Amino acid sequence: MIKKRYCVEGMHCSNCTMNLESIEDDLAGIKQVSASYQKGMMIVEFDEAIVSEAQILAAVEKRGYQATPA
């Protein structure tokens, strides 16, 4: 398991936070997602043998946000 931090553009409320945190339900291999709209950040703990960073970034984009590694 590794933990990575991402800067996320487009979050503006607690619903945005919950929307991003729901990624862990959609992608196997993600243990935890912690997002903060106030900080514009997201921390993802995941198993890189099961899910790739590209898949995580694609899931974020699918929800209408832009994420870049911090």
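As the structure is a prediction and not an experimental result, all values here were calculated from the model. (Residues numbered from 1 in each chain as written. Predicted model: local features only at pLDDT ≥ 70, side-chain atom pairs only at ≥ 80, totals over all residues. Heavy atoms only, no water.)

*Asks:* Would you take a moment to explain the nonpolar core for this structure?
*Replies:* Soluble globular proteins: nonpolar side chains tend toward being buried together. Counting residues in each nonpolar core, the largest one holds 19 residues, and the members touching the most others are Val 8, Leu 20, Ile 30, Met 42 and Val 44. Of all elements in the fold, only strand 1 (2-9), helix 1 (14-21), strand 2 (30-36), strand 3 (41-46) and helix 3 (53-62) reach the threshold of two or more residues within this core. Not counting residues within four places of it along the chain, the set of residues in contact with Leu 20 comprises Val 8, Met 11, Val 33, Ala 35, Met 42, Val 60, Arg 63 and Tyr 65. (Core = buried A, V, L, I, M, F, W, Y, C linked by side-chain atoms within 4.5 Å. Buried < 20%, exposed > 50% of the residue type's maximum accessible area, 1.4 Å probe, protein only. Helix = DSSP H or I, 4+ residues; strand = E, 2+ residues; numbered from the N terminus. Contact = heavy atoms within 4.5 Å.)

*Asks:* Would you mind showing me how to read helix 1 here?
*Replies:* Helical geometry: 3.6 residues make up each α-helical turn, so side chains three or four residues apart lie on a common side. Among all positions in helix 1, only Cys 16, Thr 17 and Leu 20 are buried. Down the axis of helix 1, the buried side of the element spans an arc of 100°, and every buried residue falls inside it. Exposed and facing more than 90 degrees away from the buried side of helix 1 are Asn 15 and Met 18. Where the residues of helix 1 are buried, they touch strand 1, helix 2 (23-26), strand 2, strand 3 and helix 3. (Arc of directions from axis to C-beta.)

*Asks:* Could you clarify how one ought to interpret the sheet that holds strand 2 in this entry?
*Replies:* Across the sheet, four strands lie side by side as 2-3-1-4; this open sheet has antiparallel pairing. Whereas interior strands pair on both sides, the edge strands pair on one side only; in this sheet they are strand 2 and strand 4 (66-69). If you compare each strand with its neighbour and ignore which way they point, the axes differ by 25° on average. The pairing of strand 1 with strand 3 spans six bridges and is classified as antiparallel. Paired with Ile 2 across the two strands is Phe 46, which belongs to strand 3. (Pairing = 2+ DSSP bridges. Axes fitted to C-alpha atoms, helices over the stretch in contact; angles between N-to-C directions.)

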